[in-house]
Amino acid sequence: TQTPASVGQTQLQENLLRIYPNPAVSELKVYAGNEVKNIRLVDALGREVMRLDGQSYSADSKTFSATISEIPAGIYYCLAQFGGEQIVQKFIIAH
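All of these numbers come straight from a predicted model, not from anything done at the bench.

1. Notes on the sheet that holds strand β1 (residues 17-20)
Strand pairing in a sheet relies on backbone hydrogen bonds. The paired strands run either parallel or antiparallel.
Now for step 1: If you walk across this open sheet you meet the four strands as β1-β2-β6-β5, and the pairing is antiparallel. Strands at the two margins of the open sheet, each flanked by one partner only, are β1 and β5 (57-58).
Now for step 2: One ladder, built from five bridges, connects strand β2 (residues 27-32) with strand β6 (residues 63-67); its direction is antiparallel. When the sheet's bridge partners are listed, Lys29 is paired in β6 with Ser65.

Set out below in structure tokens:
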């Protein structure tokens, strides 16, 4: 069960980082609510499959977009570095 503190932490993380759609088919969007240093997509073994950079970033919506059609279907993790804090969220690619 979640304690009130962990619920608050989860809500804070969701305000900083949101991944959609989940599961994703061909495109993934990552909302980063604060100044993000870097975003990496890794597989279940921790191998980096993609790094999102400024070229895929829309400042208006604070959203990164990634074409994921070349990445095999499976479970992945989005690792986002905000200052000294790293947030990790799981997502699924389903082609």
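After that view of the structure, there is still more to cover.
2. Remarks on the side chain of Gln89
Now for step 1: Its location among the elements puts Gln89 in strand β8 (residues 85-93).
Now for step 2: Relative accessible area serves as the criterion here: at 18%, Gln89 is assigned to the buried category.
Now for step 3: There is a polar contact of 3.1 Å between the side chain of Gln89 and the backbone oxygen of Leu17.

3. Looking at the pattern of salt bridges
Now for step 1: Inspection of every chain in the model, using the stated rule, returns four salt bridges.
Now for step 2: Glu27 is the salt-bridge partner of Lys29, the closest N and O atoms lying 3.9 Å from each other.
Now for step 3: Classification of Glu27 by relative accessible area gives partly exposed; the value is 36%.
Now for step 4: The shortest N-O distance in the salt bridge between Glu48 and Arg51 comes to 3.0 Å.

4. Concerning the sheet that holds strand β4 (residues 48-52)
Now for step 1: Spatial strand order, β4-β3-β7-β8: four strands in an open sheet with antiparallel pairing. Since the sheet does not close on itself, it has two edges, and those belong to β4 and β8, each with one partner. Between one strand and the next, the sheet's axes are offset by a mean angle of 20°, whatever the strand orientation.
Now for step 2: For strand β3 (residues 38-43) and β4, the ladder comprises four bridges, and the chain directions are antiparallel.

Rules of the game
- Residues numbered from 1 in each chain as written.
- Predicted model: local features only at pLDDT ≥ 70, side-chain atom pairs only at ≥ 80, totals over all residues.
- Heavy atoms only, no water.
- Pairing = 2+ DSSP bridges.
- Helix = DSSP H or I, 4+ residues; strand = E, 2+ residues; numbered from the N terminus.
- Buried < 20%, exposed > 50% of the residue type's maximum accessible area, 1.4 Å probe, protein only.
- Polar contact = N/O pair within 3.5 Å; in protein donor to acceptor, adjacent residues only side chain to side chain.
- Salt bridge = Lys/Arg side-chain N within 4 Å of Asp/Glu carboxyl O.
- Axes fitted to C-alpha atoms, helices over the stretch in contact; angles between N-to-C directions.

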